[in-house]
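Each chain, letter by letter, is given below.
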Amino acid sequence: MSSTAPGVEAAPKAQPKAKPPTPRERARAQTIADIVRLGREHLAVHGAAGLSLRAVARDLGVVSSAVYRYVESRDELLTLLLIDGYNELGDEVDAAVAAVPEDDFAGQFRALGKAVRAWALKEPASYALLFGSPVPGYQAPGERTTVPGTRVIFRLVSIFDAAHRAGALETEASPAVVITPALAADMRNIRAELGITVPESALARGVLAWTSVFGAVSFEVFGQYGRDTFAARDELFEHQLLVLQGMAGL
């Protein structure tokens, strides 16, 4: 017979605490973190195509055969650098957006764009690995990189969706804009997958805002403007964000 009084639910059983990592596990995690740190340093100097596990092992102070116990190949190191970069960018974007009032959706959008640009200018080599030309012979494993790699776009979508739910998103597209049946089907699939309510036409404009933000950042990081074309780079990017904000309906 239960000792619990009628009408009183038994207290939930305490969940067992996760075991703390062993000294060996902590040492392994620290070594992998050191390899990633050195990998980022080598990436900045030599680029992704010139990345070498042997060179990383040398700077780590171990023989090259030892480093393979932690990172089995150059491709595995590239994957770790991708995950590290995506998560660092995602963390900075999340922090920037969270610092803006919940009902200031336009401010959140601009904060997201500025955080992407600030990180890209601070970490151009990592940005190039994430959003530049593919590394010859390397294929990123989607099962490991898709979740961290979509953090920023998911955060952007959440801003547009929250604005729409709050009645703060202009959803009427220009009469000159036509969403074809095939494109509308793509947008419906995205809406269903993400569980959002933004109409197809507004979502299409959101996609344009997304690609335009990264296009503007890439132009600056990769020197596509030319050295002397724009001196007021901060003001240029602010202008671009304001234009995209209006275009997207925020």
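Residues numbered from 1 in each chain as written. Predicted model: local features only at pLDDT ≥ 70, side-chain atom pairs only at ≥ 80, totals over all residues. Heavy atoms only, no water.

> Residues and numbers for the overall build of the chain, please.
If you tally the helices and strands in the chain, you get 11 helices and zero strands. When the helices and strands of the chain are placed in sequence order, the string is α-α-α-α-α-α-α-α-α-α-α. Principal-axis analysis of the C-alpha atoms gives the chain an extent of 80 × 65 × 35 Å. When the 250 residues of the chain are sorted by exposure, 37% land in the buried category. Long-range contacts, defined here as pairs at least 24 residues apart, represent 72% of the contacts in the chain between residues at least 6 apart. In the form shown here, the chain has an accessible surface area of approximately 14,600 Å², with 56% of it arising from carbon and sulfur atoms. Between the averaged position of the 25 positive side-chain charges in the chain and that of its 29 negative side-chain charges there is a distance of 8 Å. (Helix = DSSP H or I, 4+ residues; strand = E, 2+ residues; numbered from the N terminus. Buried < 20%, exposed > 50% of the residue type's maximum accessible area, 1.4 Å probe, protein only. Contact = heavy atoms within 4.5 Å. Areas by Shrake-Rupley, 256 points an atom, 1.4 Å probe, with all protein chains shown as cover. Lys, Arg positive; Asp, Glu negative; His and termini not counted. Charge placed at Lys NZ, Arg CZ, Asp CG, Glu CD.)

> Before we move on, can you summarise the pattern of salt bridges with the specific residues and values?
Inspection of the entire model under this criterion finds 18 salt bridges. For the salt bridge of E88 with R40, the shortest nitrogen-to-oxygen distance reads 3.0 Å. Here E88, found in helix α4 (residues 74–98), pairs with R40, found in helix α1 (residues 23–46); they are 48 residues apart in sequence, far enough to count as distant. Using a relative accessible area of 15% as the deciding quantity, one classes R40 as buried. For E123, the salt bridge identified is with R40, shortest N-O distance 3.2 Å. With E123 in the loop between α5 (105–122) and α6 (124–131) and R40 in helix α1, the pair connects residues that are 83 residues apart, well separated along the chain. (Salt bridge = Lys/Arg side-chain N within 4 Å of Asp/Glu carboxyl O.)

> Provide a residue-level description of the layout of surface pockets, including the pertinent values.
Of the volumes computed, that of the largest pocket is approximately 470 Å³. Secondary-structure elements contributing two or more residues to the lining of the largest pocket are α4, α6, α7 (142–149), α8 (151–165) and α10 (200–221). Tallied by class, residues from the lining of the largest pocket come to 15 nonpolar, eight polar and no charged. Reported here for the second largest pocket is a volume of approximately 270 Å³. (1 Å grid on protein atoms, 1.4 Å probe; cavity = no way out; pocket = protein on both sides within 12 Å on 5 of 7 lines; lining within 4 Å. Points joined across faces, edges and corners; volume = space filled by probe spheres on them. Nonpolar A, V, L, I, M, F, W, Y, C, P; charged D, E, K, R; others polar.)

> Report on the nonpolar core, specifying residues and quantitative values.
Among the nonpolar cores identified, the biggest contains 58 residues, and F109 and L129 are the most heavily contacted of them. Listed by contribution, the elements that provide at least two residues to this core are α1, α2 (53–60), α4, α5, α6, α8, α10 and α11 (233–248). Setting aside its immediate chain neighbours within four residues, F109 contacts L156, I159, F160, A209, V213, L241, L244, Q245 and L250. (Core = buried A, V, L, I, M, F, W, Y, C linked by side-chain atoms within 4.5 Å.)

> Outline the environment of Q224, listing residues and values.
Of note, Q224 is situated in the loop between α10 and α11. Of the polar contacts made by the side chain of Q224, one reaches the backbone oxygen of F222; its length is 3.4 Å. (Polar contact = N/O pair within 3.5 Å; in protein donor to acceptor, adjacent residues only side chain to side chain.)

> Go over the environment of P181, please, and point to the residues and values.
As for its placement among the helices and strands, P181 is situated in helix α9 (residues 181–194). Note: C-alpha distance between P181 and G107 (74 residues apart in sequence) is 33 Å.

> Tell me about the packing of aromatic side chains, and please be specific about residues and values.
The relation between two aromatic rings is expressed through the spacing of the ring centres and the mutual angle of the planes. Applying the stated criterion across every chain, the model contains seven aromatic pairs. When the ring of Y127 is compared with that of F222, the centres are 5.9 Å apart and the planes differ by 50 degrees; the resulting orientation is tilted. Of this pair, Y127 sits in helix α6 while F222 is found in the loop between α10 and α11, placing the two residues 95 residues apart along the sequence. For Y127, a relative accessible area of 0% gives the class buried. Judged by its relative accessible area of 34%, F222 falls in the partly exposed class. On the numbers, 4.8 Å between centres and 45 degrees between planes, the contact of F131 with F214 is tilted. Taken together, the positions of F131 in helix α6 and F214 in helix α10 put the pair 83 residues apart, joining distant regions of the chain. (Phe/Tyr/Trp six-rings, centres within 6.5 Å; stacked < 30°, edge-to-face > 60°.)

> Would you mind going over α5 in detail, with residue names and values included?
For α5, which comprises 18 residues, the first-to-last C-alpha distance of 26 Å matches the rise-based estimate of 26 Å (1.5 Å per residue) to within 8%. The element α5 is largely enclosed, with a buried count of 14 among its 18 residues. (Expected span 1.5 Å × (residues − 1).)

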